[in-house]
Amino acid sequence: MLLLLAFAAQADEADLAPITAADIAREKPVDLVALLRSRVGLDENNSVITMRGVKGIAIVVDGFVSSVAELKALKPEQVEKIEILRGGASARFGAEAMGGAIAVTTFRAGRQRAAEATLTAGVDSRRGHYTRLGGHGERAGLGWSLLAEDRVVEGFRTVPRSPFPYQITVDPERSTTRLFDAKLGWRDERLELSVNAKRSDDWSYLGRPNWSFDGLTDNLRGQASWRLADGLALEAALGEERSTLAGVRDRGTGTDAAGLAPEYWLSQKSRQREASAALVRSGGDWQGRVGVNLAELDERFINADYATRQPALSADSLIRKQAVFVAGELPVAAGRLEFGLRHDRQDYVSARMFTAPDAVSTGGGVAKSALSPKLALGWPLGAGYRLRGSLGTGFSPPPASQLYNGYLGAGSVTLANPGLKPERSATADLALSRSGTFGDWSLTLFATRWQDKIAVRIVDYGMPVVQQPQNVGRSSAQGVEAQWSGRFADAWSVSANATWSRTRIDQDLADPALVGKELPDMPRLKANLALDWAPADDFSARARLRHVGSAWTDETNTRVDAAGYRWKKRAYSVLDLAATWRGPASEFTLALDNAFDRDYVTGFFWHGEPRTLRGEFVLHF
């Protein structure tokens, strides 16, 4: 995947230009997820990123499969660039890239940056604060970088009212994070090596006295690039991530003493290993690469009784993944052709589920595979205009528990289904763009269709009810994206983007009444408008208006239920303001998020961030 990431930087003209380190420094986002929300068609709810009305967005950091959690943990100053690939992207990134991918490249140790150390301190009006120490340098081809942070977040997410008692919060959410990130690299004319080790130690309190978690994540990753000859290189990557999560959960029946009493101990452990290698050949204005990717995921989950510590439910699984891929780009007359093809195979080696008192289900040996092509052609039209069309595909394999582990619940039996097929998507794009005197703009029409949707279907309405996960349906999304950026006068610049999309459930064998409904958490309209003023090198200011249209919370498109709870989320607009002063050895940023203190609901009955004043001071030495 390291290799595909490098290819993506050069190949995909239809996707927006990468977000560079200079862009990030100018915008001073609170984190990378907040930065992504300002881009066309992107949104995030409860650590799930959507793009163009489609869930299933692959997160890739330095070529390795990653998560929104790591994306949030990365610090803006660590990032060299971020690429956003829209539409099915499994030809490059494999599983989970149903709707696209976000590829983050961090600075390699010492690469093209002068030696420096920084001390950063921040505080906000919710009493959150952080301190961060970082540094990097290079000497005689040997480079290094270090970053350590201690952060306290006084959470803004609240749920004062919900049809589900377990959701209602009685305290503000809080979290603490201690992060350490170290890199070491070496390079000469032909060989470049780097190693990255990081640890994140987290604690989260979720607004109820007995609902909290401790988490620990360790990453060790290595990358290598060896120039074998002119125009020929071998690239490789190897990494492992280990994570543990342990916590307590209450009964969730209400906000009285009984409902807030502890009921379960929860623990989860996972280990993911990944390796890739590719041969890269380039000559003049063409490039091609061929390679392999291997991964292994080992997971274990335990739900134990709080009083006795005896497991009430446990599950574990081992999955191995293999992929081969080829990609390239070459000129075709006046245009440029890009192609990619990837074959993924996912082997479900073993899976086991235990449900009290003595029910155990086991399985293993099933394999799922997918072939994911992508093709794109860009063509100049003259006078600064350019036309580009692309076709891409994506897939998402079923979890091991649905294939192997049936279980008996209160009044129902859930059957395993080893015959489940991966969910699949296909995306078509047609984009017109122009760079000219009045700025840069683009207009993109898109359509995505995904099939073999997995849902639980009732197969026997007797007593007990018998149900089974099955491939039951199809859904679609189509719409248009527009973006424009330009400068006026000497110090002013403006950028705007908007996405209008319409989602639809086209088939659902488990519940035919859902056909014609819209997908949940998919607003039809998302738009951003940003105005920047930089009258001098030592000062800049920015105002950003973000609008999110109304969205449904459930697939039945409930507006208000019989108990009076509003399920359809209202549209909202939020204004953020920021200013940065820069000196020879320091920076100071003052920001006001949600300046008009707009109350809005996002996710599953959660209220979003209230007006928050935050400040950050950076000392360079």
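As a reminder, the structure under discussion sits directly above these lines.
A few points on the structure. Fair warning: this is a prediction, and the values are worked out from it, not measured in the lab. (Residues numbered from 1 in each chain as written. Predicted model: local features only at pLDDT ≥ 70, side-chain atom pairs only at ≥ 80, totals over all residues. Heavy atoms only, no water.)

## Thoughts on the overall build of the protein chain
For step 1, the next point in the chain: When helices and strands are counted, the protein chain shows 7 helices and 34 strands.
For step 2, the next point in the chain: Referenced to the eigenvectors of the C-alpha coordinate spread, the extents of the protein chain come out at roughly 70 × 50 × 50 Å.
For step 3, the next point in the chain: Counting across all 621 residues of the protein chain, residues that qualify as buried make up 49%.
For step 4, the next point in the chain: Taking all contacts inside the protein chain whose residues are at least 6 apart in sequence as the whole, residues at least 24 apart take part in 63%.
For step 5, the next point in the chain: Carbon and sulfur atoms provide 59% of the accessible area of the protein chain, an area that totals close to 28400 Å².
For step 6, the next point in the chain: In the protein chain, 76 positive and 74 negative side-chain charges are present, and the distance between their average locations comes to 3 Å. (Helix = DSSP H or I, 4+ residues; strand = E, 2+ residues; numbered from the N terminus. Buried < 20%, exposed > 50% of the residue type's maximum accessible area, 1.4 Å probe, protein only. Contact = heavy atoms within 4.5 Å. Areas by Shrake-Rupley, 256 points an atom, 1.4 Å probe, with all protein chains shown as cover. Lys, Arg positive; Asp, Glu negative; His and termini not counted. Charge placed at Lys NZ, Arg CZ, Asp CG, Glu CD.)

## Some thoughts on the side chain of Lys75
For step 1, the next point in the chain: Mapped onto the elements of the fold, Lys75 is located in the loop between helix H4 (68-73) and strand S6 (79-86).
For step 2, the next point in the chain: A distance of 3.2 Å separates a polar atom in the side chain of Lys75 from the backbone oxygen of Ala73.
For step 3, the next point in the chain: Contacts of Lys75, omitting those with residues within four sequence positions, involve Arg132, Leu147, Glu149, Arg151 and Leu179. (Polar contact = N/O pair within 3.5 Å; in protein donor to acceptor, adjacent residues only side chain to side chain.)

## Remarks on the sheet that holds strand S7 (residues 100-106)
For step 1, the next point in the chain: With mixed pairing, the 5 strands of this open sheet are ordered in space as S1-S6-S7-S4-S5. This sheet does not close on itself; its edge strands, each paired only once, are strand S1 (19-20) and strand S5 (64-65). (Pairing = 2+ DSSP bridges.)

## As for the side chain of Thr50
For step 1, the next point in the chain: Looking at where Thr50 falls in the secondary structure, it is placed in strand S3 (residues 48-51).
For step 2, the next point in the chain: Residue Thr50 is classed as buried on the basis of its relative accessible area of 6%.
For step 3, the next point in the chain: Engagement of the side chain of Thr50 in a polar contact is seen with the side chain of Lys526, the distance being 3.5 Å.
For step 4, the next point in the chain: With residues near it in sequence (within four places) discarded, Thr50 still touches Gly41, Leu42, Asp43, Lys55, Ile57, Met522 and Lys526.

## Observations regarding empty space enclosed by the protein
For step 1, the next point in the chain: Using the criterion set out here, one finds 7 cavities of 30 Å³ or more in the structure.
For step 2, the next point in the chain: When residues of the lining of the largest cavity are traced back to their parent elements, those giving at least two are strand S12 (191-205) and strand S13 (212-229).
For step 3, the next point in the chain: Looking at the lining of the largest cavity residue by residue, the classes come out as 4 nonpolar, 5 polar and 4 charged.
For step 4, the next point in the chain: Its boundaries defined by the atoms lining it, the second largest cavity holds a volume of some 80 Å³.
For step 5, the next point in the chain: In this structure, the second largest cavity is lined by 13 residues; those nearest its centre are Val548, Ala551, Lys569, Tyr572 and Thr602.
For step 6, the next point in the chain: Among the residues making up the lining of the second largest cavity, the classes are represented as 5 nonpolar, 4 polar and 4 charged. (1 Å grid on protein atoms, 1.4 Å probe; cavity = no way out; pocket = protein on both sides within 12 Å on 5 of 7 lines; lining within 4 Å. Points joined across faces, edges and corners; volume = space filled by probe spheres on them. Nonpolar A, V, L, I, M, F, W, Y, C, P; charged D, E, K, R; others polar.)

## A look at the nonpolar core
For step 1, the next point in the chain: Counting residues in each nonpolar core, the largest one holds 20 residues, and the members touching the most others are Leu36, Ile49, Leu71, Ile82, Ile102 and Val104.
For step 2, the next point in the chain: Looking at this core, the elements with two or more residues in it are helix H3 (32-37), S3, strand S4 (57-61), H4, S6 and S7.
For step 3, the next point in the chain: No other element matches the 4 residues that H3 contributes to this core.
For step 4, the next point in the chain: Counting residues in each nonpolar core, the second largest holds 9 residues, with Tyr348, Val366, Tyr404 and Ile454 among its members. (Core = buried A, V, L, I, M, F, W, Y, C linked by side-chain atoms within 4.5 Å.)

## Comments concerning the packing of aromatic side chains
For step 1, the next point in the chain: The final tally for this structure, using the stated rule, is 15 aromatic pairs.
For step 2, the next point in the chain: With a centroid separation of 6.1 Å and 80 degrees between ring planes, the pair formed by Trp567 and Phe604 is classed as edge-to-face. On the criterion of sequence distance, the pair formed by Trp567 in the loop between strand S29 (539-548) and strand S30 (572-582) and Phe604 in the loop between strand S32 (601-602) and strand S33 (606-607) is long-range, its members being 37 residues apart.
For step 3, the next point in the chain: A residue is classified by how much of its surface remains accessible, and Phe604, at 25% relative accessible area, is partly exposed.
For step 4, the next point in the chain: Ring pairs connect the aromatic residues Phe488, Trp492, Trp533, Phe539, Trp581 and Phe588, which therefore count as one cluster.
For step 5, the next point in the chain: It is Arg309 that lies over the ring of Trp265; its NZ or CZ is 3.9 Å from the centre. (Phe/Tyr/Trp six-rings, centres within 6.5 Å; stacked < 30°, edge-to-face > 60°. Lys NZ or Arg CZ within 6 Å of the ring centre and 35° of its normal.)

## Some points on the environment of Trp186
For step 1, the next point in the chain: Locating Trp186 in the fold gives a position in strand S11 (residues 174-187).
For step 2, the next point in the chain: Trp186 gets classed as partly exposed once you look at its relative accessible area, which sits at 34%.
For step 3, the next point in the chain: Separated by 78 residues in the primary sequence, Trp186 and Arg108 have C-alpha atoms spaced 9.7 Å apart.
For step 4, the next point in the chain: Leave out the neighbours within four places in its chain, and Trp186 touches Ala140, Gly141, Leu142, Leu191, Glu192 and Leu193.

## Concerning unusual backbone geometry
For step 1, the next point in the chain: For Arg127, which is not glycine, the phi dihedral falls at a positive 75 degrees.
For step 2, the next point in the chain: With respect to the helices, strands and loops of the structure, Arg127 is situated in the loop between strand S8 (116-124) and strand S9 (129-139).
For step 3, the next point in the chain: In this structure, Asp452 is a non-glycine residue whose phi angle is positive, near 60 degrees.
For step 4, the next point in the chain: Topologically, Asp452 is positioned in strand S25 (residues 439-460).
For step 5, the next point in the chain: Asp452 gets classed as buried once you look at its relative accessible area, which sits at 16%.

## Some thoughts on the pairing of S12
For step 1, the next point in the chain: Across 14 bridges, S11 lies against S12 in antiparallel orientation. Opposite Trp186, over in S12, you have Leu193 as the bridge partner.
For step 2, the next point in the chain: Counted between consecutive antiparallel strands, the loop separating S11 from S12 contains 3 residues.
For step 3, the next point in the chain: With 15 bridges connecting them, S12 and S13 associate as antiparallel partners. By the bridge assignment for S13, Ser200 is matched with Thr217.

## Observations regarding the pattern of salt bridges
For step 1, the next point in the chain: By the definition in use, this model includes 50 salt bridges.
For step 2, the next point in the chain: Here Arg52 ties to Glu481 by a salt bridge, and the two come within 3.0 Å at their closest N and O atoms. Of this pair, Arg52 sits in the loop between S3 and S4 while Glu481 sits in strand S26 (residues 465-488), placing them 429 residues apart in sequence. Accessibility classification places Arg52 together with Glu481 in one group, the buried group.
For step 3, the next point in the chain: Across the pair Arg157 and Glu173 runs a salt bridge, and its minimum N-O distance is 3.2 Å. (Salt bridge = Lys/Arg side-chain N within 4 Å of Asp/Glu carboxyl O.)

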